[in-house]
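# Reading the structure
This is what each chain is made of:
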Amino acid sequence: MITLLRFPFRKSIGYCIHSSLFRFSSLTTCLQRSSSSLRTQITDPTEHAAIHEGLFYTVPQNDVNKLMYNNWMSPHEKNMNKTFQEFCILIRRPALEMMEILKRMNYKYPLSRFLLYGEMNAGKKFTMTHVMHFCKNQNWVLLTVPWANEWNCKRLAVSYNSHKESLFDLPVHSKTLLEDFLIKNTHLIKDFTTSARYEFSEQESSEEGVPLIDLVTFGINRMKFANDVVGALLKELQNLANSDKIKLLITIRGINAFWRKTGQQKEKVKEIHAQQLTLVNQFMDLLQSDTKNAVAMCSVDSWLLYKNDRRLYLPTDLLGKEGIDFLEPFIPIEVTKYSEEEIQKVMDYYEDRRWIQQPEAKTTTGRKQITVLSGHNPYQLYRVCVPL
């Protein structure tokens, strides 16, 4: 019988293997596993299929540097990447399903919207990363919003939009978005020029025929106009996609932040709603456009709810009627917690990378206890295994 105890092993952990488990160590031998059964040597997601489900694949470091730029990876994920000296993704069914749809989709139709949902920390971000890597290897242009709620809660600088006073610009966030776009896509957009003239102020403008890279660079260097440059960039990307010159993947993590009040402040304005932010308006217009050769991959996240409500995870709970009406029609993709087979594979991987070192934790009995403590949740599994 497995005995579970909850006690403060570490403040951030909260759970530990019960000491009674150590009495079984003389009776239960540690399981021996081959690392070859954990991985596939195929690092190109375009070649991943159902036969690879449940295996890890390694993302090449050059791709990691581009896909994970800005704040896509959380601190613990960065720590794991550094500790393991590699970035591996477990090939799971939701990602395979979405990539299969992308392979068969007719891109002559207007923009398609995918909505990823699931319990908190169930692995939505890694599913999105897998799909982003798939699109990158097919030379799609990647437009990424790593965490939409950052626009709401990270107070940096807020200014009135020069073209519409009811909107508020976020220059620092806009600059970061442009930097991220340039790092991901420079090699894909280097030959494109702008299709229109853009006026940013009475003194500053961008003429038609300017290299698209120069337009983005201008927004990065002149942060005051970064938000307007984002708007110009989105229009240019739509034109390029409609002209069959590019395929565009729009990734927005935590899109339910678009229907929330923000913590941003500006002078006498007491309360700013997310849809009063220029960035949010620009992306909502893009999502509602008839752009072809474009796909939007969005996720909803329970982190944006109050702590007592975070068990809710269905799109109807997180988006409300207004959000659902806005996104429909969309293709829902549920990201579930680990299956029994998946959680065993992840523990195999942790052992292979020596993240789990305690002999007792490697036994059948130890694994059962770890499974119960984690509740099959990917992040909780990581937390439980930290002291092992």
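First things first, this report covers the structure right here in the doc. (Residues numbered from 1 in each chain as written. Predicted model: local features only at pLDDT ≥ 70, side-chain atom pairs only at ≥ 80, totals over all residues. Heavy atoms only, no water.)

Should the charged atoms of two oppositely charged side chains come close, the side chains can pair. Tallied over the entire structure, the rule returns 20 salt bridges. The partner of R353 in a salt bridge is E86, and the shortest N-O contact between them spans 3.5 Å. Of the two residues, R353 is situated in the loop between α11 (340-352) and α12 (364-374) and E86 in the loop between α2 (75-84) and β2 (88-90); the sequence distance between them amounts to 267 residues. Residue classification places E86 among the buried positions, given a relative accessible area of 13%. For E207, the salt bridge is made with R197, and the minimal N-O distance between the two is 3.0 Å. Taken as a pair, E207 in the loop between β8 (205-206) and α7 (212-221) and R197 in the loop between α6 (171-189) and β7 (198-199) lie far apart in primary sequence, 10 residues in all. Owing to a relative accessible area of 42%, R197 belongs among the partly exposed residues under this scheme. Salt bridges sharing common partners tie together R39, E86, D352 and R353. (Salt bridge = Lys/Arg side-chain N within 4 Å of Asp/Glu carboxyl O. Helix = DSSP H or I, 4+ residues; strand = E, 2+ residues; numbered from the N terminus. Buried < 20%, exposed > 50% of the residue type's maximum accessible area, 1.4 Å probe, protein only.)

Right, let's talk about the environment of I333 for a bit. With respect to the helices and strands, the residue I333 is situated in strand β11 (residues 331-334). Residue contacts for I333: discarding those within four places in its chain leaves P94, E97, F114, L115, L116 and Y117. (Contact = heavy atoms within 4.5 Å.)

On to the packing of α11 against α12, then. Two packed helices can be described by the angle between their axes and the distance between those axes. Direction vectors running N to C along α11 and α12 enclose 115 degrees, while the axes themselves pass 11 Å from each other. Overall, the two elements α11 and α12 adopt an arrangement that is roughly perpendicular. The handedness of the crossing between α11 and α12 is right-handed. Along the contact surface, α11 presents E340, I343, Q344, M347, D348 and E351, while α12 presents R367, I370, T371 and S374. Grouping the amino acids of the contact of α11 with α12 by side-chain chemistry returns 3 nonpolar, 3 polar and 4 charged. (Axes fitted to C-alpha atoms, helices over the stretch in contact; angles between N-to-C directions. Parallel < 35°, antiparallel > 145°, perpendicular 65-115°, else oblique. Left-handed = near helix turned anticlockwise from the far one by under 90°. Nonpolar A, V, L, I, M, F, W, Y, C, P; charged D, E, K, R; others polar.)

Scanning all chains against the criterion turns up 16 aromatic pairs. Look at W151 and F283: their rings are 5.7 Å apart centre to centre, the planes differ by 50 degrees, and that puts the pair in the tilted class. Taken as a pair, W151 in helix α5 (residues 150-153) and F283 in helix α9 (residues 278-287) lie far apart in primary sequence, 132 residues in all. A single burial state applies to W151 and to F283, both of which are buried. Consider the rings of W259 and F326, whose centres lie 5.5 Å apart with planes at 65 degrees: the pair is edge-to-face. Here F326 lies in helix α10 (residues 315-327) and W259 lies in the loop between β9 (248-253) and α9, a separation of 67 residues in the sequence. Accessibility expressed as a relative area gives 14% for W259, which makes it buried. An aromatic cluster of at least three residues, connected via ring pairs, comprises F56, F84, Y349, Y350, W355, Y379 and Y382. (Phe/Tyr/Trp six-rings, centres within 6.5 Å; stacked < 30°, edge-to-face > 60°.)

Strand order in this open sheet of 5 strands is β4-β9-β10-β3-β11, and the pairing throughout is parallel. Unpaired on one side and paired on the other, β4 (141-145) and β11 mark the two borders of the sheet. Across this sheet, the average inter-strand angle for adjacent strands is 20 degrees, counted without regard to direction. As paired strands, β4 and β9 are joined by 5 bridges and run parallel to one another. Each bridged residue has a counterpart across the sheet, and for V141 the counterpart in β9 is L248. (Pairing = 2+ DSSP bridges.)

Here the focus is the pairing of β9. Counting buried positions over the 6 residues of β9 gives 6, a clear majority of the element. Residues of β9 alternate between two faces, with L248, I250 and I252 on one and L249, T251 and R253 on the opposite face, all of them buried.

As for its placement among the helices and strands, T127 is situated in helix α4 (residues 124-136). T127 gets classed as buried once you look at its relative accessible area, which sits at 3%. When near neighbours in sequence (up to four residues on either side) are disregarded, T127 contacts P94, A95, L116 and V335.

Let us now look at the packing of α12 against helix α13 (residues 378-385). It is at 8 Å that the axes of α12 and α13 come closest, and there the two elements cross at 130 degrees. The angle between the axes of α12 and α13 places the two elements in the oblique class. Where α12 crosses over α13, the two elements pack in a sense that is right-handed. Contacts between α12 and α13 pair I370, L373 and S374 from the former with Q380, L381, V384 and C385 from the latter.

Turning to α4, a few remarks are in order. An ideal rise of 1.5 Å per residue puts 18 Å on 13 residues; α4 measures up with 18 Å between its terminal C-alpha atoms. The buried fraction of α4 is high, at 12 of 13 residues. Buried residues of α4: K124, K125, T127, M128, T129, H130, V131, M132, H133, F134, C135 and K136, and no others. (Expected span 1.5 Å × (residues − 1).)

Tracing the backbone through its elements, the reader meets P315 in helix α10. Using a relative accessible area of 10% as the deciding quantity, one classes P315 as buried. As for P315 and Y117, which are separated by 198 residues in sequence, their C-alpha atoms are 6.7 Å apart. Ignoring any residue separated from it by four or fewer positions in sequence, one finds P315 in contact with L115, Y117, G320 and I324.

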